[in-house]
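# Notes for the structure review
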Amino acid sequence: GYYGSYYSDDTVCITSLGQSHSVSLTNTNDSYGVTITNGSQVKVQYNGVYNIQVSYQFFNSLAQIGNGITWFKKNGTNISYSASYAAVPAKHAGGDGALILAYNIVVSLSANDYVETFWTAETSGIYVQDVSTSGGIPDSPAVIFTIQQV
């Protein structure tokens, strides 16, 4: 089948509440029959049913819990019932609160359809960020997006 594995190593902060952000998928692990267009659009070359998974690495710089919200769009239109809310822990012990949100959806796509993932937050302290590591541990991307034909 066809597939794509992508990730973002960007840091993106909410600058205006309610502002939605598409995720720029800046890196490709591997792909076959799936491409990235316009930085964030995951475009399939063949008709089929696709399983799409995403994970977001949320952080919270505030002293209270805040919600990060994610969802998918198909050809620029929100996919019904695709949103997820994540209660990101408050800043604690001198470090920002952190949470990984991961989920999947299954979508029928036609050749040249594209999907994107978007996010926003209900408080200004929520952000997504890549975490660089050391000592032989791989870096942790801000967002991972994978798609496989089923």
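In the block above lies the structure referred to throughout.
Residues numbered from 1 in each chain as written. Predicted model: local features only at pLDDT ≥ 70, side-chain atom pairs only at ≥ 80, totals over all residues. Heavy atoms only, no water.

Our focus in this paragraph is the overall build of the chain. From N to C terminus, the chain includes 0 helices and 14 strands. By its C-alpha atoms, the chain is 50 × 40 × 25 Å across when sized along the principal axes. Out of the 150 residues in the chain, the part that is buried amounts to 45%. Sequence separation of at least 24 residues holds for 73% of the intrachain contacts in the chain that already meet a minimum separation of 6. Total accessible area computed for the chain in this model is approximately 7,300 Å², and 49% of it derives from carbon and sulfur atoms. Taking the average location of the 4 positive side-chain charges in the chain and that of its 9 negative ones, the two points are 10 Å from each other. (Helix = DSSP H or I, 4+ residues; strand = E, 2+ residues; numbered from the N terminus. Buried < 20%, exposed > 50% of the residue type's maximum accessible area, 1.4 Å probe, protein only. Contact = heavy atoms within 4.5 Å. Areas by Shrake-Rupley, 256 points an atom, 1.4 Å probe, with all protein chains shown as cover. Lys, Arg positive; Asp, Glu negative; His and termini not counted. Charge placed at Lys NZ, Arg CZ, Asp CG, Glu CD.)

One finds Phe58, Trp119, Phe145 and Ile147 to be the most contacted residues of the largest nonpolar core, which totals 31 residues. Broken down by secondary-structure element, the contributors of at least two residues to this core are strand S6 (41-44), strand S7 (48-60), strand S10 (84-88), strand S11 (97-109), strand S12 (114-121), strand S13 (126-128) and strand S14 (143-149). (Core = buried A, V, L, I, M, F, W, Y, C linked by side-chain atoms within 4.5 Å.)

Checked against the element boundaries, asparagine 67 lands in strand S8 (residues 66-74). A relative accessible area of 24% means that asparagine 67 is categorised as partly exposed. When the C-alpha positions of asparagine 67 and glycine 97 are compared, they lie 12 Å apart, and in sequence the two are 30 residues distant. In this structure, asparagine 67 is in contact with Ala86, Ala87, Thr120, Ala121, Glu122 and Ile126, ignoring residues within four places of it in sequence. Engagement of the side chain of asparagine 67 in a polar contact is seen with the side chain of glutamate 122, the distance being 2.8 Å. (Polar contact = N/O pair within 3.5 Å; in protein donor to acceptor, adjacent residues only side chain to side chain.)

Bringing the environment of glycine 125 into the picture now. Relative to the elements of secondary structure, glycine 125 occurs in the loop between S12 and S13. Linking glycine 125 and glycine 18, residues 107 residues apart in sequence, is a C-alpha distance of 13 Å. Non-local contacts of glycine 125, meaning those with residues more than four positions away in its chain, are made with Phe59, Asn60, Ser61 and Leu62.

Applying the stated criterion across every chain, the model contains 9 aromatic pairs. Centre to centre, the rings of phenylalanine 59 and tyrosine 127 are 5.4 Å apart; their planes meet at 20 degrees, and the pair counts as stacked. Taken as a pair, phenylalanine 59 in strand S7 and tyrosine 127 in strand S13 lie far apart in primary sequence, 68 residues in all. We classify tyrosine 127 as buried; its relative accessible area is 11%. For the ring pair phenylalanine 72 and tyrosine 103, a centre distance of 5.6 Å and an interplane angle of 65 degrees mean the geometry is edge-to-face. Of the two residues, phenylalanine 72 sits in strand S8 while tyrosine 103 sits in strand S11, which places them 31 residues apart along the sequence. Residue classification places phenylalanine 72 among the buried residues on the basis of a relative accessible area of 0%. (Phe/Tyr/Trp six-rings, centres within 6.5 Å; stacked < 30°, edge-to-face > 60°.)

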